[in-house]
Amino acid sequence: PKTNDTLIQCFLSQPPTITQQSPKDYIVDPRENIVIQCEAKGKPPPSFSWTRNGTHFDIDKDAQVTMKPNSGTLVVNIMNGVKAEAYEGVYQCTARNERGAAISNNIVIRPSRSPLWTKEKLEPNHVREGDSLVLNCRPPVGLPPPIIFWMDNGELPQSERVSQGLNGDLYFSNVQPEDTREDYICYARFNHTQTIQQKQPISVKVFSSRYSKPVTERPPVLLTPTGSTSNKVELRGNVLLLECIAAGLPTPVIRWIKEGGELPANRTFFENFKKTLKIIDVSEADSGNYKCIARNILGSTHHVISVTVKASPYWITAPRNLVLSPGEDGTLICRANGNPKPSISWLTNGVPIAIAPEDPSRRVDGDTIIFSAVQERSSAVYQCNASNEYGYLLANAFVNVLAEPPRILTPANKLYQVIAGSPALIDCAYFGSPKPEIEWFKGVKGSILRGNEYVFHDNGTLEIPVAQKDSTGTYTCVARNKLGKTQNEVQLEVKDPTMIIKQPEYKVIQRSAQVSFECVIKHDPTLIPTVIWLKDNNELPDDERFLVGKENLTIMNVTDKDDGTYTCIVNTTLDSVSASAVLTVVARPNPPLDLELTGQLERSIELSWVPGEENNSPITNFVIEYEDGLHEPGVWHYQTEVPGSQTTVQLKLSPYVNYSFRVIAVNEIGRSQPSEPSEQYLTKSANPDENPSNVQGIGSEPDNLVITWESNGPGLQYKVSWRQKDVDDEWTSVVVANVSKYIVSGTPTFVPYEIKVQALNDLGYAPEPSEVIGHSGEDLPMVAPGNVQVHVINSTLAKVHWDPVPLKSVRGHLQGYKVSTVKSLLFSFVKIDHSCKILTFRGNKTFGMLPGLEPFSSYKLNVRVVNGKGEGPASPDKMFKTPEGVPSSPSFLKITNPTLDSLTLEWGSPTHPNGVLTSYILKFQPSKLIFSLILKNLNYSTRYKFYFNAQTSVGSGSQITEEAVTIMDEGKMGMYKENPLSSKKTSNLVKNITTAFHYRNTMASRQVDIATQGWFIGLMCAVALLILILLIVCFIRRNKGGKYPVKEKEDAHADPEIQPMKEDDGTFGEYSDAEDHKPLKKGSRTPSDRTVKKEDSDDSLVDYGEGVNGQFNEDGSFIGQYSGKKEKEPAEGNESSEAPSPVNAMNSFV
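The rules behind each value
Residues numbered from 1 in each chain as written. Predicted model: local features only at pLDDT ≥ 70, side-chain atom pairs only at ≥ 80, totals over all residues. Heavy atoms only, no water. Helix = DSSP H or I, 4+ residues; strand = E, 2+ residues; numbered from the N terminus. Contact = heavy atoms within 4.5 Å. Areas by Shrake-Rupley, 256 points an atom, 1.4 Å probe, with all protein chains shown as cover. Pairing = 2+ DSSP bridges. Disulfide = S-S within 2.5 Å. Buried < 20%, exposed > 50% of the residue type's maximum accessible area, 1.4 Å probe, protein only. Polar contact = N/O pair within 3.5 Å; in protein donor to acceptor, adjacent residues only side chain to side chain. Salt bridge = Lys/Arg side-chain N within 4 Å of Asp/Glu carboxyl O. Core = buried A, V, L, I, M, F, W, Y, C linked by side-chain atoms within 4.5 Å. Phe/Tyr/Trp six-rings, centres within 6.5 Å; stacked < 30°, edge-to-face > 60°. Patch = residues over 30% accessible without salt bridge, like charges linked within 9 Å, V, L, I, M, F, W, Y side chains within 5 Å. Axes fitted to C-alpha atoms, helices over the stretch in contact; angles between N-to-C directions. pLDDT = per-residue confidence, 0-100.

A. Inspection of the overall build of the protein chain at higher detail. In terms of regular secondary structure, the protein chain is built from 8 helices and 86 strands. Put simply, 67% of the contacts in the protein chain that link residues at least 6 apart link residues at least 24 apart. Of the roughly 59,800 Å² of accessible surface on the protein chain, 50% is carried by carbon and sulfur atoms.

B. Layout of the sheet that holds strand β40 (residues 424-426). The 3 strands are arranged β40-β44-β43 in an open sheet whose pairing can be described as antiparallel. The two strands at the open ends of the sheet, each matched to only one other strand, are β40 and β43 (455-456).

C. Structural view of the state of the cysteines. Under the defined criterion, the tally for this structure stands at 6 disulfides. A sulfur-sulfur distance of 1.9 Å marks the disulfide that ties C137 to C186. Linking C137 and C186, the disulfide has an S-S dihedral of approximately -70 degrees and is accordingly described as left-handed. Of the two residues, C137 is situated in the loop between β13 (133-135) and β14 (147-151) and C186 in strand β17 (residues 181-190); the sequence distance between them amounts to 49 residues. You'll find C137 and C186 in the same group, each marked buried. Across the disulfide from C244 sits C292; the S-S distance is 1.8 Å. Linking C244 and C292, the disulfide has an S-S dihedral of approximately -70 degrees and is accordingly described as left-handed. With C244 in the loop between β22 (240-243) and β23 (245-249) and C292 in strand β27 (residues 288-296), this pair connects stretches of sequence that are 48 residues apart.

D. Layout of the side chain of T683. Its place among the elements puts T683 in the loop between β63 (681-682) and β64 (693-698). A polar contact is formed between the side chain of T683 and the backbone oxygen of S654, at a distance of 2.6 Å. Within the local environment of T683, its side chain forms a polar contact with the backbone nitrogen of V657, the two atoms lying 2.9 Å apart. Look past the residues within four positions of T683 in its chain and what remains in contact with it is E602, L653, S654, P655, Y656, V657 and Y659.

E. Region of interest: the environment of E676. Within the secondary structure, E676 sits in the loop between β62 (658-666) and β63. Take E676: its relative accessible area is 65%, and that puts it in the exposed class. Separated by 84 residues in sequence, E676 and P592 place their C-alpha atoms 8.1 Å apart. Those residues in contact with E676 that sit more than four places away from it in its chain are L595 and F661.

F. Quick peek at the pattern of salt bridges. Tallied over the entire structure, the rule returns 37 salt bridges. Residue E518 is joined to K502 by a salt bridge in which the shortest nitrogen-to-oxygen separation is 3.0 Å. Remark: K502 occurs in strand β47 (residues 499-502) and E518 occurs in strand β49 (residues 515-518); sequence separation between them is 16 residues. Overall, the relative accessible area of 39% leaves K502 in the partly exposed class. Here K756 ties to E768 by a salt bridge, and the two come within 2.8 Å at their closest N and O atoms. Placement of the pair is K756 in strand β69 (residues 752-761) and E768 in the loop between β70 (764-765) and β71 (772-775), with a sequence separation of 12 residues.

G. Examining the nonpolar core more closely. Core analysis: the largest hydrophobic core is formed by 28 residues, its most contacted members being I34, I36 and W50. By residue number, the principal contributor to this core is strand β9 (residues 89-97), which donates 3 residues.

H. Structural view of the packing of aromatic side chains. Scanning the model with the defined rule gives 15 aromatic pairs in all. Each ring, one from Y659 and one from F661, has its centre 5.4 Å from the other, and the planes form 5 degrees; the classification is stacked. Just as Y659 is buried, F661 falls in that class too. Measuring from ring centre to ring centre gives 5.6 Å for W709 and Y718, while their planes differ by 50 degrees; the resulting arrangement is tilted. The exposure classification of W709 matches that of Y718, with both residues buried. Members of the aromatic cluster, joined through ring pairs, are Y626, Y659 and F661.

I. Local environment of a nonpolar patch on the surface. Residues L1026, I1027, L1030 and L1031 make up a contiguous nonpolar surface patch of roughly 420 Å² in combined accessible area. Counting through the fold element by element, I1027 comes out in helix α7 (residues 1026-1041).

J. Just the environment of C244, in detail. On the basis of relative accessible area, C244 is assigned to the buried category, the value being 0%. Each C-alpha atom, one on C244 and one on H303, is 7.9 Å from the other, the two residues being 59 residues apart in sequence. Beyond its immediate sequence surroundings of up to four residues, C244 is in contact with L222, T224, P225, I254, W256, K275, C292 and H303.

K. Representation of unusual backbone geometry. T224 connects to P225 through a cis peptide bond whose omega is -10 degrees. Considering the arrangement of structural elements, one finds P225 in the loop between β20 (218-224) and β21 (229-235). A cis amide bond links S433 to the next residue, P434, at an omega of 5 degrees. The residue P434 is located in the loop between β41 (430-433) and β42 (437-442) in this model. Phi is positive for N53, which is not a glycine, with a value near 55 degrees. Positive phi, normally seen in glycine, also occurs at Y656, with a value near 55 degrees. By secondary structure assignment, the location of Y656 is in the loop between β61 (648-652) and β62.

L. How the structure looks around the sheet that holds strand β73 (residues 797-803). With respect to topology, 3 strands assemble into an open sheet ordered β72-β73-β76, the strand pairing being antiparallel. Both edges of this open sheet fall to β72 (786-794) and β76 (847-850), since each of them pairs with a single strand only. This sheet shows a mean twist of 20 degrees between the axes of neighbouring strands, independent of strand direction. Taken together, the 4 bridges between β73 and β76 define a ladder with antiparallel strand orientation. Considered in β76, the bridge of A798 is made with L850.

M. Spotlight on the environment of P342. Considering the arrangement of structural elements, one finds P342 in the loop between β31 (335-339) and β32 (343-348). The exposure class of P342 is buried, given its relative accessible area of 9%. Taking the C-alpha atoms as reference points, P342 and A386, separated by 44 residues in sequence, lie 5.6 Å from one another. Residues in contact with P342, not counting those within four places in the same chain, are P313, A336, N337, A386, S387 and N388.

N. Geometry of the pairing of strand β4 (residues 38-43). Here β4 shows a buried face lined by C38, A40 and G42 and an unburied face lined by E39, K41 and K43. Where strand β1 (residues 14-21) meets β4, 5 bridges bridge the pair, whose relative direction is antiparallel. Residue pairing in the sheet places Q21 in a bridge with C38 of β4.

O. Structural detail: the confidence of the model for the protein chain. Summarising the model, the protein chain shows a mean pLDDT of 82, and 81% of its residues fall at 70 or more. Mean pLDDT values for the elements of the protein chain range from 32 in helix α4 (residues 983-995) up to 97 in strand β26 (residues 276-279). Note on residues 1041-1150: pLDDT is under 50 here. Beyond four places in sequence and across chains, it has 243 contacts.

P. A look at the side chain of T476. Tracing the chain through its elements places T476 in strand β45 (residues 473-481). Classification of T476 as buried rests on a relative accessible area of 7%. Sequence-distant contacts of T476, defined by excluding residues within four places in its chain, comprise E439, W440, F441, G443, Q487, N488 and E489.

Following this line, the structure appears as structure tokens:
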């Protein structure tokens, strides 16, 4: 059964238990009081007594010995001149009460000793160089054994040749002249008494080969251990130390092996230059033969140490306390092992069980005591002693016979709080004898808890492996045995887990910037969270740059020290969550260091350097710059650059330059500061070995040639030579210095020249340079392209052809041909030119495509040749016309004057007729019935949708739409309520409307629009042209009006003004029953006098390129340029087709 020490001590009788005692082998400091510990507990509290050397120790009769109150601890006062040696002996403590007696171990008290060395006369050691030597220490026997070390004037250095053995002796494998000393001293340090004793100095004199025979090398010989084999016994759990020290010249090397096995891994160590093998925590498996092998160049020797591991007793099963109720059975088991195997003996209350009072309820069976039907008088303390020749173990275990009703030790109504999803452990600590049975209930009238969702522990604890919110409630623990029953209620609350819903994220930030880490949490409202920020698992630096907000951490003015891992920890009383993110602070790299010049040659040198810190951004490359301290001091020039993984570079040098180099590191953030300059290196004078690069000849004027080059070194002169190509001329040369350009004047226009530039200095010329071809300056082309022809492909596209100009007349590099196209309108004899469109065709082309033309228009064009200087003269203007196209949609459509069976339609002519308008097409269909419920008994109305577009001889243009409602009397509307419209009925209705159709065309023609333009009004202000303009206007209006026989009726219904409205997106399509009752779109219901804005779309030159930089490819694409603002034009709508429908009606007005 589960016991509770506090409860037993407070309420229940209990036999004594030893809780604290001194060690078995107790070495005391003879200068201090001796304290022998013995503490025990029990109910009632035990009394204490001691034995010394097996007999009762009467404390009251020794004035120097006292026992601490409520304790068994002895204090021996030796401050009054009493020697500690007088209290040497074996002590044992007994703690006793009415329930039994417990005893301590046998405590052996011995005072520590640090004796002096015995005086002896030490003779000097005379030894020949190369011989071995052993200096004996032989320290006095102390308690505990001393620590040995050797010194001369200071600490004596040890090596493979000179080392100290485990016995304290100093071994020389071979002596050298430097070993000669007068003061080899062995010291013994006694830590217990904190004293150091020293031996008399030992003198060593080494005779070198100058005074004796030459030093001869010798094979190894073991100094310790002697012979070929030896034995070693060690106890289990101790440290095994094996030693081999050899003499020889050269100094032998020691190696260890285990015969028939491997040295144990993780427990094997080599010390004293591998002369000592150390195995920790040895066990019986470490027994065996260990061989040490000493070897030098002349041979080897070995020694085998047979190791036997013995064991003092150790527990397999130590006896445990028993609490039994009357009539119960039980056992005490005492099992131990050792080498040799220990013997087991039992005591009861400190007395050998063989002579103890008999108890009929117990029976001893070797290492086990069996109890049957115990009674209260069977309570006692039993001792188990396991011993062999290497030691003993003593354990106390009591048998306490009690008759107790159940008691629950867990406080009543204790509150347990856990996080949902985690285990809930609800305690029910109990005691009783016999052992009570435990049952759990949930709720006031809950049933007993069973099933896999609960775990019932032997100590009474109820475990809910995964607590959920519905686990919250009251839990009742019931404990019962044959003497009674008790119960206890506890409370369980299950809380929502704390979560970090927005975690800090990895950040890469530059120095001096600002960075912020977020840590947004969600938690149970009844829990109070605390948020802690850590840097590298430590507190944040005490720095005002770190600003901790409610849900974030902000670091201002970031430095390199801020680099690290930042962790947000959220703690509540029940759980803790954390999230981390790494901050990487990046910066430009530090400058490279330690520049060094090596491998100096006349024309090359090797530069090496050490990279500076990368600052968390890898170095991508190094830039090497040089300074010429002879010609341009203080001016740094680019030399070369190498990858970031390279730290050396071979540099090419120019003659007669005093070089200094510096290196700049580059990463993704930027360039480092330059390194410190390298040492200077002056190259010898020599004639140049290279000529300048990038030699070019390009004229800037029609009569010159500009020769340029890139300088290839300081202090050089250049011989510039030229002659006209393909002409039998001599080279013309000039020598210049400190420049990289020369202008040749008086040249013919655009002729080729052979050019070469050669470097030279005072010592000579560079190798003969290669020739390049250049041209003198260009002039404007002289001839215009001829035979310009235009082929009109369709109403918006034409193709233009021309003959190329002679190349000589181009007088420059031919860049292409430029085609300028201008649209013209002709009113009587007044010619109006619209904006000019310019297309450039690259290369020596002889044709081009002209897209984006307007239908039914007149154009003129010309062609010019273009070179690098500019444009040549234009070809004669070529006139052409484009055919008609489909018109744009009418500019507006408006429905007015609705009557019972008629409507009036008004429209504006298309903004872009794109030809001569021949007719208009009207399509219409009834819209879906609309039911309105504004007032009681309202009538229905029928809504119609109209589709309207214009037509030329080419085809129909795009359409516009409008809707309107006819006005009907109450009787007819009632009929439609009772009989919904059918396709046939709708057709009749459309027909009726058609027979009474009214129309009006307010022509907003293209000609009238021109008459309202500003420039046209200016012309009207001219007195000389006033009559002519009036005639033109009257002529245009008369032509329009003549096409409409109902003009007077239109005038009767004309609107005073036309207001544009938002574009209707309706499109006429095939009418079907499924669309008979299509609801009107939001916003499509309009007043009868509203207008409908035209539907526009833009023409585009996307397929041909546009702008001055557009280029033709080989397939005829082009570069276009427009002089003037491009107008937005409507789509030509030639894709609109009429779908046949029984409800469509069409009127054409011609």
